[in-house]
Every structure is written in C-alpha cells, then in structure tokens.
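Chain by chain, the residues run as shown.
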Amino acid sequence: MGTFPSKRSQSLSALTSWSTIPHGLTGKTSEASFRILAYGDNTLRITATREEHVEDFSYSVISQASGNAFSVLEKETTLLLEGPSFNLVITKNPVRFSFQTKEGKVINEDDTFGISWNREQVTSYKKLQEGERFIGMGEKTGPLDRRGQGYTHWNTDNFAYHSGADPLYCSTPFYIGIHHGLVYGIFLDNTFKSFFNFGASNNRFSSMAADCGEMNYYFMYGNSVGEIINHYTQLTGRTPIPPQWSIGYQQCRYSYFPDTEVINIADTFREKHIPADVIVFDIHYMEAYKIFTWHKEHFSNPKKLIEELKAKGFEVVVMCDPGIKVEQGYDAYEDGVKQEVFIKYPDGSNFTAQVWPGWCHFPDFTKASTRTWWKEKFKNYIALGIQGFWNDMNEIATWGNQLPENLEMDFEGNQDTMRRGRNIYGMQMARATYEGTKELLQGKRPFNLTRAGFSGIQRYAAVWTGDNVANDEHMMLGVRMLNSMGLAGIAFCGYDVGGFVGDANPKLFARWLSLGAFSPFFRGHSMVNSRDSEPWSFGEEVEEISRNYIKLRYKLMPYIYSAFYEASQTGMPVNRTLAIQYPHDHLVYQGTYQHQYFFGPSLLVAPIESYKDLMKVYLPESTWYHLFDDKIYNSGETIIECPVDKLPVFVKASSILVMNGSDIQSTKEKSDVLEIHIYQGRDNNTYVRYEDDGETFAYEKGAYCTQAFHFHPSERKFVMEACKGSYTSTFKKYALYFHGFADLTKVVVNGEDATLQKHDYRFLQALRSFDPVGSVNEGYKIPSLPSVEIPTSHEDIHIHW
C-alpha cells in the first residue's frame, strides 16, 4: 500500500499522531485528520477531513456518541480498537480501516486507495469481498442486490421515470453489505451530491463519494439484517405510529373538483360498500394553485364540505407545495417577504422560479423562524378539521428542473449553499409541516406525506414513489422500491396504485390494487386527463376484486397496525424483503423471486404481473399455507395458479394472525370480535399485538394495549396474555381459528371444555360469474375450519387441545 503523489488526488497517508477522546480517538496525517466515535456497542462513526475541525452538524442523526466500550491498543504497525461485538484495525502507514469480527474475519475493509480526495470530492474505497451482496439505498430502481450497480443521491423531480432511472425524489445513502455469513451497514451522512458504486465498471472496489464536505460515515455491525436496521434507525429515528385512518384506503386524483364531485366519490364508496378512509385534494382545490387558498367557485364552502365528508367517515388530505406565488395581495407572499423566510441569492435577493402558480419564491426550511412561519399558515387548515397533509414538488421541482447551486440557505445559522441543501430541502419541508401541525392539532396525530426526503425523513412523513407509470414493469418496480425503502428505515411508504401516468387496463388495475392492499401506504391516484381510476371504474369484475382486497385490508387492520407499532419500536419495516430474514439464501436475490416480501412478520406476498396466470414462487425453509384456501406447500420452488382475482399470499407455519371479526367501512368503525388465526407448525412462536385509540399521542403516556400470544405446538398449547397498558381494548370477544389442525376434536380453555365449531371460512368473498359460458366462480374457501369463541379477559387465557 502507499499514497499517491498527485496534485489532484490525495489519500490519508502515514499516521503522525493520535490521541484518545471521550467515546473514541482522533488521528492526524500530513494532509488530513480523522476521528472515530462510538455510538453504543455496535456502531462507529468515521470522519475524515482536510479542514481544521470536524463538523458535528446533522439533520439525519439524532443519537449522540456514547459509551466507552471500545478500548485502544497500539501495536507497531496498527491501532486496534477492541469493541464488544467487533474490532477496528487501523494501519498506520498509510491510514486504512479494517472492520473485523472478534475472531479476525474481515467484515469490511478499505481498498488500497482508502479515503481519498480528488480535488474537493472525497471518496471512501472499499475492497469487494468474495460473493458480497449489497442491499438497501432506499428509493432506487434496479435489482434487490445492488452488486454491479451505481447510484447518485441528488433529489430530482423525475416525471414518468423509467425502470432504470436515477436519481429520483428521495435520497437515503445507507446500504447493507452481506458476505460469508456476515452482515454490516454503512450510512454516509453527507448531504452534498453523492455517488455509490457497488462494483460497477470495475471488479476491485465498492465506493462512496461526495462532491464536497467530509467523509463522514457510520459503520454498524450485527448478527442479522434486522439488527442493522435497528442500529440505523437508532441513529436516524423511527416512524412514529401514524393515525390509523391514514393506513386505510386513500382515494386521490389530479384532481377531484368541484366539491360536488368530491361528495359523489365519497357517496359511491359507501353505496358500493368499498371501505375507504381518505379523499385527497390535489392542487385544483386552490385558487390558481396558490397554497393556503381555496378556489372560490369549485370549493366555495370548504368547512361545510369537510364536515360532510367527516360525517361519512372520511378524512381529507390536502396538497401542500412549497412555491409561494409572487403576487401582490397574496398574504403568504407579502408576509413571507416581510418575515424574510425565502431562499436567497448571494446578493440578498429572493430566488424566483416558475412552477404551478407561476413565478414563485420558496421558503428556507433550514431556518427555525421559517418553520414557525409555516406552522402559522396551517392554522386555517386545522380550523377546518384537516389533519392530513401532502408535501409535493419539494425536490425543489421547478420548470426547467435546473436549481441554481449558488442559492443560500440558513442551516440553523450555519449558512451554506443549495449544493448542500438540495438533498435535505424536502425533508426540512416535511419536518416543518409535521412539527407545525402536530403542535396545532394539540394531541392528535397528523398524517404527513412527502415526495422528497433524506435519511431521517421517517421521523416526519410517509414517502411515496412519485410519478409512476401505468404498466406492469412499474408495478413490479414499485414493489422493489418499497422493499428497499424499508431497508433504509422508511416503514411508511407506498406507490400510486394503478399508475399515475397513463391508463391502466382492467387486469393491471385489479392486480395492482390487490398488491396495494399489502403495502404500508395504500392510495389510488391518477393524472389529469387520464381515465377514471376508482375501484369501480373498470367494470363489475374489477370492482368486485377491488372490494374483496380493500375489505381484506380492513380485516387485517389489527395486524397491520401492530406492524407499524413494531416499526416505531425497532425500525423493522412493514414491507420486508425476504433478504431481511434470509440474507444468505441466494435464491431470494434471483430475478424471478427478488420481488417477494413479508407483509408484517407472517404473510409472504409473491407479486406477479397482470398478464400472468401461472407463476413460479420460492418458499424459504418452513411449511407454508396459501392464505385463501389453506393449501399446504413445502419449502422450495413451485409453480402456482394466480388468476387476476387471486394474489399469491402465503402464511408461514406457526404464525399467528390477528384480524377484525366483522366488516368495517372505515377505521372509525370498530369490530367487537378479534379473530386470532393460528397456523399449525413445529416451531414455538410469540406474537405481540398492539392497540390504542388510533388518533392521539396518549399512547406516549401509557394509553395503549399490548397483548402477547404464545404458541407451543409440541405442548399443544396456546397462551393469551392479558393486555398491558392503560388503554381498554375495544374487542369484547376472541374468535380463534385453527389452521392445519386436522385432528382437532377438543379445545380446553382455562381448564374447561370449549364449544368447538367447524364451518367454511373465506378471506375473499365469492365473485359473481363473469364467464360467458356461465361457470360459477365460488371464490376461495377454507372448508370446515375449526374455531372457538372466548370472551375477553383481564387475566391470561390458557388453551390446550
């Protein structure tokens, strides 16, 4: 190894001095310095700079350096940092970093080039390990395994992007490396334009580079992908539990107007008994696309409209664009100029660019006083009863799509330019909206959605994948992107069901909607001047399929809500690529199977294009039940039938599923019966369900209910613990269903015989026949499924059979 004598390129050379500091150490070379800090037992922060001091400002990281678990041992040619779970070996000449297990196996190590500067661009080069795979990176196109790919982080309005487009709207420069049974994560905390290369155009190294600023990354090690996600979200924050209505079905269009059309849409959902919770108002609700205004003709009485929608069980989400039109007499413009809230050029003049309202200024959300100003502007929305907000066009999107890089932003008093600010603009807008509306709602949870973001965005908003296209390729791409976003801490994410750009055909819409029912954020949306894309817009058969899957979504609401609770506690996403549980199984990365994912802990979803009626699926090591008919499958590759009304969904043996026992049309309705579905298997299993009021932050003060269920198949026993927490569950009765218990003849509850019932069960209702020859489609049923009903109790319930 050696350094590289070049006027243009430098790397960390020989160590000239080092010293310990609280939680870590610092070191110097002739041309740069570095610092290493511990963030607990499993994470080290590596920073290298040619400046005099290391910078500690971050919008992403909310943790502080902590612990003294790493000891330092100096040897002749190395420094050894010994930690509880891994070691860091630093060579002295030149300075290079090698992360190793306690047994000395390489987890991740620098290539010969190490940390290098090419003029002001800084890069960290890493050796490619044999068989190494890379997953994560958030909202990125391409395959599940990023090996051989390269990506740019530079938030960009990318309308109707193609399946290989890069960059897109949201940047999360975090990836997970997998090789030789080892798993690690690296997060580059630098908001300048950055580049990641996972062996693209070379077979020597992976690398991460930033156009400017420090090389500042966090290395984390764990025993599983889930542990790495936990460590990453400990650093950058976790998704707060959303209002329950926001995880119901949301109906959107660009745009529904006038107000009579909005009411007609709401009434049609209720008349057709298709559950829904939200109607979204796109930009046509505004007067001339100006935020904080209402169209005087189309929405002449917004208060009356919103009250009527709420009476029908609907919440409203309104579009919020950052562009403030330059127009005398427009309050937001005049007050914004007066309060000095807008982004400026170096000469002090306000930046102006064109977007929907015309020429606009743009608030500087890196300035605390601007965020306060933004909050004040939302008071009228809150007064109308609005609790949902959609942050769009916040890359920043402007006509021409060429944002000047010399624009100046406040950065909390540490002024810098748009080169550093572009990637975090959307995140800071989402932050301003979330923090402002949370304060104004006085205890109620806001729903906040954003298109642009950066690592840590999960603390403030759900993220959707932008202007997708109505075709099968985009439908499958959306699945991969959501799975990848989950790996990057964004648990609340989704795509526009049916595609935003273009017209879906009936089979595509039906398939897409069935997939959307198994996604964290579930919204149908379509573009102006495109065909209608409501669930009833594609004929009676698609309407029935849509009704079935939306009703199933609402039936699964206790299970889905509990998955969001888990995300808030550990960072574990709702959509979980199979690589989380099976990172070393090569088949989960194959193109045929890379879309498959767990929805929550137990449901395996196998996405398939709309034009296919047969597909090959891969079921990892276990026994599996088809959700809709209880057919049992062993692990391995298998071909299954999947007509458009039957999405392949499987339940892992020993799983426990909790569901509503009655049909509901919105989350405001409550079921008295909690269904508990137990799937026979060989492994013990514990599942924790979560319940609270679904709308306030009272859970932060203990007003919640957690209930643990324990399945012990070898002991023929199932234990239901009493609820913990001060919230009283709305369920009055349990209905237990036993799947795969062919020999079940007797059930004993707390020592007494229970009445065992057997009847046909359906997760999907029978469809009317749409076959011209008149054959009957009876749907999919589970015949003679055993069940027992039990009253709820304040004590543990023990069940034997």
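Residues numbered from 1 in each chain as written. Predicted model: local features only at pLDDT ≥ 70, side-chain atom pairs only at ≥ 80, totals over all residues. Heavy atoms only, no water.

Considering the overall build of the protein
Helix and strand content of the protein: twelve helices and 50 strands. By the compact-globule yardstick of 28 Å for 801 residues, the protein fits well, its C-alpha radius of gyration being 27 Å. With respect to the three principal axes, the spread of C-alpha positions in the protein is 80 × 70 × 55 Å. For the protein, with 801 residues in total, the buried portion stands at 63%. Summarising the internal contacts of the protein: among those between residues at least 6 apart in sequence, 68% fall at separations of at least 24. Split by element, the accessible area of the protein, about 28600 Å² in all, is 46% carbon and sulfur. On the protein, the mean spot of the 77 positive side-chain charges and the mean spot of the 95 negative ones are 2 Å from each other. (Helix = DSSP H or I, 4+ residues; strand = E, 2+ residues; numbered from the N terminus. Rg over C-alpha atoms; globule rule 2.2 N^0.38 Å. Buried < 20%, exposed > 50% of the residue type's maximum accessible area, 1.4 Å probe, protein only. Contact = heavy atoms within 4.5 Å. Areas by Shrake-Rupley, 256 points an atom, 1.4 Å probe, with all protein chains shown as cover. Lys, Arg positive; Asp, Glu negative; His and termini not counted. Charge placed at Lys NZ, Arg CZ, Asp CG, Glu CD.)

So, the sheet that holds strand β40 (residues 656-660)
Sheets are built from strands paired through backbone hydrogen bonds, the pairs being either parallel or antiparallel. Taking strand neighbours across the sheet as the criterion, the five strands line up as β40-β41-β45-β49-β48 in an open arrangement whose pairing is mixed. Taken across any chain shown, the strands that pair with only one partner, and hence form the sheet edges, are β40 and β48 (757-764). Taken pair by pair, the neighbouring strands of this sheet meet at an average axis angle of 35 degrees, ignoring direction. Pairing of strand β45 (residues 733-739) with strand β49 (residues 780-791), which is carried by five bridges, proceeds in the antiparallel orientation. (Pairing = 2+ DSSP bridges. Axes fitted to C-alpha atoms, helices over the stretch in contact; angles between N-to-C directions.)

Considering the packing of aromatic side chains
In the structure shown here, the tally under the stated rule is 80 aromatic pairs. Their ring planes at 70 degrees and their centres at 6.0 Å tell us that W245 and F447 sit as a pair that is edge-to-face. Of the two residues, W245 sits in the loop between α1 (225-236) and β20 (250-251) while F447 sits in strand β29 (residues 447-450), which places them 202 residues apart along the sequence. One exposure class covers both W245 and F447, and it is buried. Looking at K290, its charged tip hangs above the ring of Y330, at a distance of 5.2 Å from the centre. The positively charged end of K438 is found above the aromatic ring belonging to F697, 4.6 Å away from the centroid. (Phe/Tyr/Trp six-rings, centres within 6.5 Å; stacked < 30°, edge-to-face > 60°. Lys NZ or Arg CZ within 6 Å of the ring centre and 35° of its normal.)

What about empty space enclosed by the protein?
Tallied over the full model, the rule gives five cavities of 30 Å³ or more. There is about 190 Å³ of room inside the largest cavity. Lining the largest cavity are 17 residues, and of these Q244, N660, K670, T730 and F731 sit closest to its centre. Those elements that provide at least two residues to the lining of the largest cavity are α11 (557-570) and β42 (685-691). Taken together, the residues of the lining of the largest cavity break down into seven nonpolar, five polar and five charged. Approximately 130 Å³ is the volume attributed to the second largest cavity. Residue lining of the second largest cavity: 16 residues in total, with P240, P242, Y434, P446 and Y460 positioned closest to the centre. Among the residues forming the lining of the second largest cavity, the class breakdown is twelve nonpolar, three polar and one charged. (1 Å grid on protein atoms, 1.4 Å probe; cavity = no way out; pocket = protein on both sides within 12 Å on 5 of 7 lines; lining within 4 Å. Points joined across faces, edges and corners; volume = space filled by probe spheres on them. Nonpolar A, V, L, I, M, F, W, Y, C, P; charged D, E, K, R; others polar.)

Concerning the side chain of T398
Tracing the backbone through its elements, the reader meets T398 in the loop between β26 (388-391) and β27 (408-409). Setting aside anything within four residues of it in sequence, one finds T398 in contact with A353, Q354 and F362.

Brief notes about helix α3 (residues 302-311)
For an α-helix, the turn length of 3.6 residues means that residues three or four places apart are oriented alike. Taken as a whole, α3 has its buried residues at P302, L305, I306 and L309. Across the axial projection of α3, the buried residues extend over an arc of 95 degrees, all falling on one side. Those residues of α3 that are buried are in contact with α2 (259-271), β21 (278-281) and β22 (315-320). Phi turns positive one or two residues past the end of α3, at G313, with a value near 90 degrees. (Arc of directions from axis to C-beta.)

Concerning the pattern of salt bridges
If you walk through the whole model with that rule in mind, you get 48 salt bridges. The residue D693 makes a salt bridge to R445 at a minimum N-O spacing of 3.6 Å. Here R445 lies in the loop between α7 (418-440) and β29 and D693 lies in the loop between β42 and β43 (705-712), a separation of 248 residues in the sequence. On the accessibility criterion, D693 (26% relative accessible area) is partly exposed. For R445, a relative accessible area of 1% puts it in the buried group. Each of D157, D392, E395, R451 and D467 takes part in salt bridges that share partners, so that together they form one network. (Salt bridge = Lys/Arg side-chain N within 4 Å of Asp/Glu carboxyl O.)

Some points on helix α8 (residues 472-487)
Given a rise of 1.5 Å per residue, 16 residues ought to cover 22 Å, and the 23 Å separating the end C-alpha atoms of α8 matches this to within 8%. At the N-terminal end of α8, a side-chain oxygen is found 3.2 Å from the backbone nitrogen of E473, two or three residues along, and the residue is N471. One or two steps after α8, the chain reaches G489, where phi turns positive at roughly 90 degrees. (Expected span 1.5 Å × (residues − 1). Polar contact = N/O pair within 3.5 Å; in protein donor to acceptor, adjacent residues only side chain to side chain.)

Structural notes on the sheet that holds strand β3 (residues 24-28)
A sheet is described by the order of its strands in space; here eight strands give the open sequence β2-β3-β4-β5-β19-β16-β15-β12, paired in antiparallel fashion. A strand with exactly one partner marks an edge of an open sheet, and here the two such strands are β2 (17-21) and β12 (133-136). Sheet twist, expressed as the average angle between the axes of neighbouring strands with direction ignored, equals 20 degrees. Of the pairings in the sheet, the one linking β3 to strand β4 (residues 33-38) comprises five bridges and is antiparallel in character. If you follow T26 over to β4, its bridge partner there is R35. The strands that α1 touches are β5 (43-49), β12, β15 (174-179), β16 (182-188) and β19 (215-222); relative to β19, the one it contacts most, it runs at about 140 degrees.

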